[in-house]
Amino acid sequence: MTATKPFLRALAGETITPPPFWLMRQAGRYLPEYRATRTQAGSFLDLCYNPELAVEVTLQPLRRYGFDAAILFSDILVVPDGLGQGVAFKEGEGPVLTPIRSARDLDGLDISGLHDRMAPVYATVAGLSKAIPATTALIGFSGAPWTVATYMIEGGGSKDFSQAKKLMWAEPETFARLMELLIEATGQYLIRQIDAGAEAIQIFDTWAGALPETEFRKWVIEPARRLVERIHSERPGIPVIGFPRGAGILYEAYVTETKVDGVSLDSSVPLDWAARVLQPKCTVQGNLDPILLVAGGDALDAGIDRVLNALGKGPFIFNLGHGIIPPTPPENVARLTQRVKAFKG
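About the cut-offs
- Every chain is numbered on its own, with residues counted from 1 as its sequence reads.
- This being a predicted model, a pLDDT of at least 70 is required before a residue's local features are given, and a value of 80 or more before pairs of side-chain atoms are given or counted; all residues contribute to the totals for chains, interfaces and linings.
- As a rule here, side-chain values come from all non-hydrogen atoms in the structure, and water together with hydrogens is ignored.
- UniProt positions are given in the numbering used here, feature names are shortened, and annotations may be inferred rather than shown by experiment.
- Ring geometry is summarised as follows: Phe, Tyr and Trp rings, the Trp one being its six-membered ring, pair when their centres sit within 6.5 Å, and such pairs are stacked at plane angles under 30 degrees, edge-to-face over 60 and tilted between the two.
- Labels follow the DSSP assignment, with helices taken as runs of H or I lasting at least four residues and strands as runs of E lasting at least two, numbered in each case from the N terminus.
- Exposure classes here rest on a 1.4 Å probe applied to the protein chains alone. A residue is buried below 20% of its type maximum, exposed above 50%, and partly exposed in between.
- We define the nonpolar core as a collection of buried residues of types Ala, Val, Leu, Ile, Met, Phe, Trp, Tyr and Cys that are connected through side-chain atoms lying within 4.5 Å of one another.
- We call two residues in contact when some of their heavy atoms are within 4.5 Å.
- Under this definition, polar contacts are N or O atom pairs within 3.5 Å; protein pairs additionally need one hydrogen-donor-capable and one acceptor-capable atom, and for neighbouring residues in sequence, both atoms have to be side-chain atoms.
- Paired strands, in this sense, are two strands between which DSSP finds at least two bridges.
- Helix axes use the C-alpha atoms of the stretch in contact, all axes being lines fitted to C-alpha atoms, and the angles between their N-to-C directions lie in the range 0 to 180 degrees.

As annotated in an unreviewed UniProt entry, the protein chain carries the name Uroporphyrinogen decarboxylase and is attributed to Magnetospirillum gryphiswaldense. Under Sequence similarities (unreviewed entry), UniProt gives the following word-for-word description of the protein chain: "Belongs to the uroporphyrinogen decarboxylase family." On record in UniProt, under Subcellular location (unreviewed entry), the comment for the protein chain is "Cytoplasm".

Trainee: How should the packing of aromatic side chains be read in this particular structure?
Mentor: The tally for this structure, following the rule as stated, stands at 12 aromatic pairs. Here Tyr 34 and Phe 73 contribute two aromatic rings whose centre-to-centre distance is 5.8 Å and whose plane-to-plane angle is 50°, an arrangement assigned as tilted. Taken together, the residues Tyr 34 in helix α2 (residues 32-41) and Phe 73 in the loop between β1 (69-71) and α5 (78-82) connect sequence positions 39 residues apart. Each member of the pair Tyr 34 and Phe 73 is classed as buried. Ring plane angle 80° and centroid distance 5.6 Å describe the contact between Phe 141 and Phe 204, whose orientation is recorded as edge-to-face. Here Phe 141 is found in strand β4 (residues 137-143), whereas its partner Phe 204 is found in strand β5 (residues 200-205), with 63 residues between them in sequence.

Trainee: I keep staring at helix α8 (residues 145-154) and nothing clicks. Help me out?
Mentor: An α-helix turns once per 3.6 residues; consequently, residues spaced three or four apart project the same way. Taken across its 10 residues, α8 has 10 buried, putting it largely inside the fold. Among all positions of α8, only Pro 145, Trp 146, Thr 147, Val 148, Ala 149, Thr 150, Tyr 151, Met 152, Ile 153 and Glu 154 are buried. Trailing α8 by a residue or two, Gly 155 shows a phi angle of about 85°, which is positive.

Trainee: Help me understand the nonpolar core, please; the structure alone is not making it clear to me.
Mentor: In globular proteins that are soluble, nonpolar side chains generally tend to be buried together. Ranked by internal contacts, the top residues of the largest apolar core, which has 130 residues, are Phe 7 and Phe 318. With residues near it in sequence (within four places) discarded, Phe 318 still touches Pro 20, Phe 21, Trp 22, Gly 286, Leu 288, Ile 304, Val 307, Leu 308, Leu 336 and Val 340.

Trainee: Looking at this structure, I do not really get the UniProt feature "site: Transition state stabilizer" (unreviewed entry) in the protein chain. What am I missing?
Mentor: The UniProt entry lists Asp 75 under the feature "site: Transition state stabilizer" (unreviewed entry), expressed in the numbering used here. For Asp 75, the position within the fold is in the loop between β1 and α5. Of the residues examined, Asp 75 reaches a relative accessible area of 18% and is grouped as buried. Excluding residues within four positions of it along the chain, Asp 75 makes contact with Phe 44, Cys 48, Phe 89 and Phe 141. A polar contact of 2.9 Å, which involves the side chain of Asp 75, links it to the backbone nitrogen of Leu 77.

Trainee: Before we go on, may I ask you to explain unusual backbone geometry in this structure?
Mentor: Phi is mostly negative for residues that are not glycine, and the peptide bonds are mostly trans. Cis geometry marks the peptide bond from Thr 17 to Pro 18, where omega comes out at -10°. Assignment of secondary structure puts Pro 18 in the loop between α1 (6-11) and α2. Cis geometry marks the peptide bond from Gly 286 to Asn 287, where omega comes out at -20°. Structurally, Asn 287 is set in strand β8 (residues 283-288).

Trainee: Just checking my understanding: could you explain the pairing of strand β9 (residues 316-320) for this structure?
Mentor: The buried fraction of β9 amounts to 5 of the 5 residues, a majority that puts the element mostly inside the structure. Across the two faces of β9 the burial is the same, with Phe 316, Phe 318 and Leu 320 and Ile 317 and Asn 319 all buried. Inspection of the sheet shows β8 paired to β9 by 5 bridges, in the parallel sense. Considered in β9, the bridge of Gln 285 is made with Ile 317.

Trainee: Would you take a moment to explain the UniProt feature "domain: Uroporphyrinogen decarboxylase (URO-D)" (unreviewed entry) in the protein chain for this structure?
Mentor: The sites that carry the UniProt feature "domain: Uroporphyrinogen decarboxylase (URO-D)" (unreviewed entry) are, in the present numbering, residues 139-155. Across residues 139-155, the secondary structure splits into 59% helix and 29% strand, with the terminal C-alpha atoms separated by 28 Å.

Trainee: Just checking my understanding: could you explain the environment of Lys 218 for this structure?
Mentor: Along the chain, Lys 218 falls in helix α11 (residues 213-234). C-alpha of Lys 218 to C-alpha of Ile 249: the two residues are 31 residues apart in sequence and 16 Å apart in space.

Trainee: Explain the sheet that holds β9 here, please?
Mentor: Sheet strands pair by backbone hydrogen bonding; their relative direction is either parallel or antiparallel. Sheet architecture is open: 7 strands sit in the order β1-β4-β5-β6-β7-β8-β9, paired in parallel fashion. The open sheet is flanked by β1 and β9, the only strands paired with a single partner. Here the average twist between neighbouring strands, direction ignored, is 25°. Helix-sheet contacts for helix α15 (residues 297-311) involve β8 and β9, and the interaxial angle to β8 is about 165°.

Trainee: Looking at this model, I keep getting lost on the side chain of Ser 142. Mind explaining?
Mentor: Turning to its location among the elements, Ser 142 is positioned in strand β4. Beyond its immediate chain neighbours, meaning those up to four positions away, Ser 142 contacts Ile 76, Thr 186, Tyr 189, Leu 190, Gln 202, Ile 203 and Phe 204.

See the structure below:
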């Protein structure tokens, strides 16, 4: 059924009107049905590792809005959890990890148990491949090695990534060893998702923009290039979308050097530049500001139209510049859905 799926056709370079669309974090706290399911699960990680409930929350936004793609419900930090690092999600605080600050800390990580720990995630992918509509594509995903490494080293979220950068520059061998582990673990994890039924992959490098150019090329572009090459080689025909959020003009180098099939644009990327420079090289995805989805009204309509008119004439998937945030009114997502579906080019 692949040929009938608009999302996959767009990733193959086809211009489709209206464009296929999905939204990052389309399953989440803005939906009352998600909040009810989350209560059943217990902790956030319990929800990620419960295939029945993870399938349910993935399907919830499809039932409401008819998106062209479903993305596996999980989290980028299941990989460090699978490697044996202590990971927890605390209400009102976010992720908390046992920090990796030295070679000795790194010695405690082990890839050998990764797939046993990830078995419920693979079961979720398999369940989704059977449950989603015939014309809906299934996206698997991971965090990119640099972004995942920041959480592992900082012990959670950060505003300046001082500990991660300090380790990168002060102990380059230890940092490189961590990145090698993450590149290998992430590659294996994504291949297993594909084998379970994922039809496309998105790699989220949320904190790519925190690195200077030289380090960006070494720790954002090069790991992504290796992951894309591995997927294209070992599982031919599976497209990969990269999301180097905050990359600025380095988006062009990222696209050219990684050979991604699609690139997801953050909301700061100028639309005319993306259409002129990036879209001839690969499918572009994005990039409505998520706050417009909270604001709604005429501002939302105008923002949607700007993105559609700028990027809708080439290979394009409509999305946000980052994920839906919890205060988003569900009716504004419905309004977006109607407007995108009505686009005539």
